Amino acid sequence: MTAWRRHGIALAVAFVLILLVFHSDVRDLVQIWWNSTTFGHCLFIGPVVAWLIWQRRAELAQLTPTGWWPGLALVAIGGFGWLLGDAGSVGFARQLGLVLMLQGAVVTILGPNVARGLLFPLCYAVFLVPFGEGLEPPLQTITVAIVMPLLHLVGVPAVVDGVLIHAGRYYFEVAEACSGAKFVIAMVAFGVLVANLCFLSWRRRAIFLAVSVVVPVIANGFRAFGTIWAADLTSIEAATGFDHIVYGWVFFALVMAAVLAIGWRWFDRAPDDPAFDPAALQAVPRHRTELLIATALVLATVAIFPSWSAAIAGRAQPLPAHIDLPDIPGWHRVPVSTRAPWTPYHPGADHYLFGRYADVSGATVDMSIAVFGNQHEGKELIAFGTGVLRQEDRWVRVADLPDIVDRAGAGGSAMRITAPGPVERIVATWYRIGDTTTQDETLVKIETMKARLLGGPQRAVAVHLSVEGADPRPIARFLAALGPIATVADRAAGMR
């Protein structure tokens, strides 16, 4: 049996076993690729990687694969990243860790020479991991900034409130889906591929990547403007229906073609140029190891991290059997709103309370407390579609407001939201995890990782305060009477 066949079989076995061990993460990835319009392009990354490898088959055949134990470092880095993601319920870290473990298996089982020959396909596999949703808020802002002057230029009367545009006869929301983030993310993946295949100069590659980002951002702004202008000229039903068809099937292809046309004259790599020089990769690597030992070490290293996760999975904070909303001096409980009903969404909470308070002036504040004894996949303090706004909610975010600070100096994130009516609300949010009170969702994930891996308080608490209308002063008065959020959260978790 040839060396390539033996090493290929060993790599295939390692891949299958790794994918089976982390089957839940594989399932989550496939579901995201298949169901998310933002990450639908990920479905094409696997075939592209396979094609890139096939393009290198003649050069690879001139290399000799060999076991190489230093590649285990990449396996371990990926495994530890997966563990951090598992401890903090961060899907991106788990999925990236899985991809890194697979890349490490390639390096360990095939050796450094082959890995260098496969460097770009291996790196390009990172695009299998969905990422980039954080681009949506700034891209919403950029889209609004492009749309408004264009509407004024063509004579459409328009005013903007956060991400809401009142233009002519209609209201429009520049929602996350309209930000162009999915277009930009897909164009980055496309731009990286073209930059590698069509350019040799790193300067030209960088410029092409910049164009691949800037052009779709500007184009998306013009698309949003065109939709609003068309609605003003015809009807909103006709404009939005046409927009979805054009944007989904034609617009993306036109912008890709435009980006290629811009870069065409500067292409400096011929399509049939070899991807790498096999003669430069013939050195006998140090630290070689036998194939069976290399494969066994890969699988043993991979097995450490799910075993570690299982060992800490049972950690949980004992919670009281029943909790109540606190009594607040100067405030009394009243029935919740029926004019503008709203409640935060925390489906995995062990305890959840929601109620309304009023003071002698008649001002009202809604308070919500969600308590988790521990967190794991499907039971998370912070997850997509949970918290202030749920997925497909009637309420939408209009704008972020300055933080609202409690008596202990802990700032809560403030958000103005609206629903059909129209009705408005301001919502302030604090999280209590470990010994930290914060509104920073990234810090919540970090503290969750620390609690899961190192011990300490496992409880996690979300506190939301909300007021109808656009005046946040009742929340400030309520906070002054309520006291530190940390004390409220710890009492709800039975810790004080």
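Right above here is the structure, for reference.
Residues numbered from 1 in each chain as written. Predicted model: local features only at pLDDT ≥ 70, side-chain atom pairs only at ≥ 80, totals over all residues. Heavy atoms only, no water.

> What am I meant to see in the overall build of the protein chain here?
Looking only at helices and strands, the protein chain features 16 helices and 13 strands. Seen through its C-alpha atoms, the protein chain measures out along the principal axes to roughly 85 × 60 × 30 Å. Here the protein chain holds 496 residues, and 50% of them are scored as buried. Considering only contacts in the protein chain between residues 6 or more positions apart, those separated by 24 or more positions represent 74%. Accessible surface for the protein chain amounts to roughly 23600 Å². Of this, 65% is attributable to carbon and sulfur atoms. For the protein chain, the separation between the mean place of its 37 positive charges and that of its 37 negative charges on side chains is 5 Å. (Helix = DSSP H or I, 4+ residues; strand = E, 2+ residues; numbered from the N terminus. Buried < 20%, exposed > 50% of the residue type's maximum accessible area, 1.4 Å probe, protein only. Contact = heavy atoms within 4.5 Å. Areas by Shrake-Rupley, 256 points an atom, 1.4 Å probe, with all protein chains shown as cover. Lys, Arg positive; Asp, Glu negative; His and termini not counted. Charge placed at Lys NZ, Arg CZ, Asp CG, Glu CD.)

> I'm lost on the packing of helix α2 (residues 23-35) against helix α6 (residues 91-110) in this one. Help?
Working note: a packed helix pair is described by the angle between its axes plus the distance between those axes. At their nearest, the axes of α2 and α6 sit 10 Å apart, and the two run at 110 degrees to each other. Taken as axis vectors, α2 and α6 run roughly perpendicular relative to one another. Touching Asp25, Val26, Asp28, Leu29 and Ile32 of α2 are Arg94, Gln95 and Leu98, all from α6. For the contact of α2 with α6, the per-class residue count stands at four nonpolar, one polar and three charged. (Axes fitted to C-alpha atoms, helices over the stretch in contact; angles between N-to-C directions. Parallel < 35°, antiparallel > 145°, perpendicular 65-115°, else oblique. Nonpolar A, V, L, I, M, F, W, Y, C, P; charged D, E, K, R; others polar.)

> Looking at this structure, I do not really get the packing of aromatic side chains. What am I missing?
Each aromatic ring pair is described using two quantities: the centre-to-centre distance and the angle formed by the ring planes. Going through the model one piece at a time under the given rule, you end up with 12 aromatic pairs. Here Phe22 and Trp82 contribute two aromatic rings whose centre-to-centre distance is 5.0 Å and whose plane-to-plane angle is 65 degrees, an arrangement assigned as edge-to-face. Placement of the pair is Phe22 in the loop between α1 (3-21) and α2 and Trp82 in helix α5 (residues 72-88), with a sequence separation of 60 residues. Across this residue pair, the class does not change: Phe22 and Trp82 are buried. Centroid distance Trp342 to Phe354: 6.1 Å. Interplanar angle 70 degrees. Geometry classified as edge-to-face. Of the two residues, Trp342 is situated in the loop between β6 (332-334) and β7 (351-358) and Phe354 in strand β7; the sequence distance between them amounts to 12 residues. Given the relative accessible area of 5%, Trp342 is considered buried. Ring pairing ties together the aromatic residues Phe120, Tyr124, Phe127 and Phe131, which thus form one cluster. Across the ring face of Trp266, the terminal group of Arg265 is positioned such that the distance to the ring centre comes to 4.9 Å. The aromatic ring of Tyr357 is capped on one face by Arg333, whose charged end is 5.7 Å from the ring centroid. (Phe/Tyr/Trp six-rings, centres within 6.5 Å; stacked < 30°, edge-to-face > 60°. Lys NZ or Arg CZ within 6 Å of the ring centre and 35° of its normal.)

> Explanation requested: the pattern of salt bridges in the structure shown.
For side chains of opposite charge, pairing can occur when their charged atoms come near one another. One pass over the structure, following the stated rule, counts 18 salt bridges. For the salt bridge of Arg356 with Asp366, the shortest nitrogen-to-oxygen distance reads 2.7 Å. Here the residue Arg356 occupies a position in strand β7, and Asp366 occupies one in strand β8 (residues 364-372), the gap between them amounting to 10 residues. Between Glu468 and Arg356 there is a salt bridge; the shortest N-O distance is 3.0 Å. Pair noted here: Glu468 is in strand β13 (residues 460-468) and Arg356 is in strand β7, with a separation of 112 residues, a long-range link. (Salt bridge = Lys/Arg side-chain N within 4 Å of Asp/Glu carboxyl O.)

> Explain the side chain of Thr448 to me, please; I cannot follow it from the model alone.
Checked against the element boundaries, Thr448 lands in helix α14 (residues 441-454). We classify Thr448 as buried; its relative accessible area is 3%. Engagement of the side chain of Thr448 in a polar contact is seen with the side chain of Gln375, the distance being 3.2 Å. If near-sequence neighbours (up to four positions away) are discounted, Thr448 is found in contact with Ala87, Gly88, Gln375 and Ile433. (Polar contact = N/O pair within 3.5 Å; in protein donor to acceptor, adjacent residues only side chain to side chain.)

> Would you mind going over the environment of Gln391 with me for this structure?
Mapped onto the elements of the fold, Gln391 is located in the loop between β8 and β9 (396-405). C-alpha separation for the pair Gln391 and Tyr345, spaced 46 residues apart in sequence, amounts to 9.6 Å.

> Help me understand the nonpolar core in this model?
Soluble globular proteins tend to bury their nonpolar side chains together. Within the largest apolar cluster, 51 residues are counted, with the highest numbers of intra-cluster contacts made by Ile18, Ile109 and Tyr124. The dominant element in this core, judged by the number of residues it contributes, is α6, at nine residues. Not counting residues within four places of it along the chain, the set of residues in contact with Tyr124 comprises Ile45, Val48, Val49, Leu52, Ala189, Phe190, Val192 and Leu193. If you look at the next biggest cluster of nonpolar residues, it comprises 29 residues, including Leu353, Met367, Ile369 and Val488. (Core = buried A, V, L, I, M, F, W, Y, C linked by side-chain atoms within 4.5 Å.)

> So what exactly am I meant to see when it comes to the side chain of His346 here?
Within the secondary structure layout, His346 lies in the loop between β6 and β7. Within the structure, the side chain of His346 is placed 2.9 Å from the side chain of His464, a separation counted as a polar contact. Once residues lying within four places of it in the same chain are set aside, the contact partners of His346 are Tyr352, Ala370, Phe372, Leu381, Gly387, Ala462 and His464.

> In this structure, what is going on with the sheet that holds strand β2 (residues 158-161)? I would like to understand it.
Taken in spatial order, the three strands line up as β2-β3-β4 in an open sheet, and their pairing is antiparallel. The open sheet terminates on both sides in strands that have one partner only, identified here as β2 and β4 (170-173). Direction aside, neighbouring strands of the sheet carry axes that sit 20 degrees apart on average. Note: β2 against strand β3 (residues 164-167), four bridges, orientation antiparallel. In the sheet register, Val160 faces β3, and the bridge partner there is Ile165. Contacting β2 and β3, helix α9 (residues 136-153) runs over the sheet at an angle of about 160 degrees to β2. (Pairing = 2+ DSSP bridges.)

> What's the story with the packing of α6 against helix α13 (residues 291-312) in this structure? I'm lost.
Their axes nearest at 9 Å, the elements α6 and α13 cross at an angle of 160 degrees. In this view, α6 runs roughly antiparallel relative to α13, as classed from their interaxial angle. Handedness of the α6/α13 crossing: right-handed. Contact with α6, carried on its side by Met101, Ala105, Thr108 and Ile109, involves Leu291, Ala294, Thr295, Val298 and Val302 of α13 and no other residues of that element. Residue composition of the contact of α6 with α13, grouped by class: seven nonpolar, two polar and no charged. (Left-handed = near helix turned anticlockwise from the far one by under 90°.)

Function cannot be read off these values alone, since they describe shape.
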